[in-house]
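Chain by chain, the residues:
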Amino acid sequence: MSTATAPVTTTVTSTLLDFHDVEMTFPDGTVALRGVHLTVDRGEFVSVVGPSGCGKSTLLRIASGLEHASDGTAQVDASRIGYVFQDATLLPWRSVRDNVELLAELGGRSKEERRAKADRAIELVGLTGFEKHLPKQLSGGMRMRTSLARSLTLDPELFLFDEPFGALDEITRERLNDELLRLFVEQRFAGLFITHSVSEAVYLSTKVVVMSGRPGTVVRSFDVPFPMTRDMPRDPDIRFTPEFAELVGEVSRALREGHR
Ligand SMILES: Nc1ncnc2c1ncn2[C@@H]1O[C@H](COP(=O)(O)OP(=O)(O)OP(=O)(O)O)[C@@H](O)[C@H]1O
Ligand SMILES: [Mg+2]
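Nothing here was measured: the structure is a model prediction, and the numbers come from that model.

Asks: Sorry if this is basic, but what is going on with the domain arrangement of the protein chain here?
Replies: Per the domain assignment, the segments making up the protein chain are domain 1 (1-80 + 156-260) and domain 2 (88-155). For domain 1 and domain 2, the distance between their C-alpha centroids amounts to 25 Å. Counting residues at the interface gives 18 residues for domain 1, matched by 12 residues for domain 2. Taken together, both faces of the contact between domain 1 and domain 2 bury some 1,200 Å²; the carbon and sulfur share is 69%.

Asks: Teacher, can you tell me more about the site of ligand 1 here?
Replies: Around ligand 1, the structure places 14 residues, and the nearest of them are Ser52, Gly53, Lys56, Ser57 and Thr58. Side-chain polar atom of Ser57 to an oxygen atom of ligand 1: 2.8 Å apart, as the coordinates give it. His196 places a side-chain nitrogen or oxygen 3.4 Å from an oxygen atom of ligand 1. Calculation on ligand 1 without its partners gives an accessible area of 640 Å², and the protein chains cover 64% of this total. Among the elements that make up the shell around ligand 1, the one with the highest residue count is helix 1 (residues 56-64) (three residues). Along the lines of polarity and charge, the residues of the shell around ligand 1 split into three nonpolar, seven polar and four charged.

Asks: Any chance you could explain the UniProt feature "domain: ABC transporter" (unreviewed entry) in the protein chain here in plain terms?
Replies: In this structure's numbering, the residues bearing the UniProt feature "domain: ABC transporter" (unreviewed entry) are residues 17-238. Span residues 17-238 is 32% helix and 25% strand, its end C-alpha atoms 29 Å apart.

Asks: Which parts of the structure should I look at to understand the packing of aromatic side chains?
Replies: A ring pair, where both rings are aromatic, is described by two values, the distance of the centres and the angle of the planes. This structure, assessed with the given rule, holds 10 aromatic pairs. Ring geometry for Phe226 against Phe244: centres 5.9 Å apart, planes inclined by 40 degrees, an arrangement best described as tilted. In this pair, Phe226 is assigned in the loop between strand 9 (218-223) and helix 7 (242-259) and Phe244 in helix 7, connecting sequence segments 18 residues apart. Each member of the pair, Phe226 as well as Phe244, is classed as buried. Here the aromatic cluster, defined as three or more aromatic residues joined through ring pairs, consists of Phe45, Phe159, Phe161, Phe165, Phe184, Phe189 and Phe193. The ring of Tyr203 is capped by Arg239, whose NZ or CZ atom sits 3.7 Å from the centre of that ring.

Definitions and cut-offs
- Residues numbered from 1 in each chain as written.
- Chains lettered and ligands numbered in written order.
- Predicted model: local features only at pLDDT ≥ 70, side-chain atom pairs only at ≥ 80, totals over all residues.
- Heavy atoms only, no water.
- Domains from an automatic or database assignment.
- Contact = heavy atoms within 4.5 Å.
- Buried area = accessible area lost by both parts, 1.4 Å probe.
- Near = heavy atom within 4 Å.
- Polar contact = N/O pair within 3.5 Å; in protein donor to acceptor, adjacent residues only side chain to side chain.
- Areas by Shrake-Rupley, 256 points an atom, 1.4 Å probe, with all protein chains shown as cover.
- Helix = DSSP H or I, 4+ residues; strand = E, 2+ residues; numbered from the N terminus.
- Nonpolar A, V, L, I, M, F, W, Y, C, P; charged D, E, K, R; others polar.
- UniProt positions renumbered as here; feature names shortened; annotations may be inferred.
- Phe/Tyr/Trp six-rings, centres within 6.5 Å; stacked < 30°, edge-to-face > 60°.
- Buried < 20%, exposed > 50% of the residue type's maximum accessible area, 1.4 Å probe, protein only.
- Lys NZ or Arg CZ within 6 Å of the ring centre and 35° of its normal.

And the structure:
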């Protein structure tokens, strides 16, 4: 690793998301979350792994403001929040460009501004040349890129991801992981990323958080020591190192133990 490159994280930490003792009980009495403590600082990319139904999507919905915690404090100090769902949620009758422009359009931006933002975002996700395509003419990976681009037009300070690559094949997922890492270091948003894949979590993140089964709570938190710099987001080959395998093993063990 070159020491001349600037690190992604800055020494001035500022907390964008601060969950303290968060509980979520739905009106039907389902307790989805209990005693959740979680922070996401500027410069951090935090992944959350946990068993199905443990409240991960609920956590993200609270972070986005779509849902309100029933107890505890869920503080989010980000003025612009991006949200990418598992499903690309594109409008089928709109082209790639028109889908990407959607959020800027809802935000009341002028036509020129929308177009410029959309084209830049389309370029960032590598879809230049596909602006006029309809969603049905795209592969699953391209649809997900379109969805990413749509949120990028918001210049998010905090980016929330709910298993965005879960439905993709492994090669496409790995490629999108690398593109996401590049966007993370270039665009400097903080990330909160839900995934079922422990290796994806470790590869992408500066911190991995493990949740227990429902009611979900944070049982372990792991700092990921692998370097990430502006010039080299993360070396894809770290996936094949013993250190990487060891951390994946530790996280998987914590996940299994939290499951019991
Ligand atoms: N609106 C709701 N009303 C009642 N219960 C709900 C509601 N939304 C979610 N739940 C329940 O809360 C729990 C957590 O759901 P959530 O979708 O957050 O889980 P998850 O960890 O994202 O699961 P998965 O990994 O399968 O996506 C589940 O038991 C679910 O049935
Ligand atoms: Mg979910």
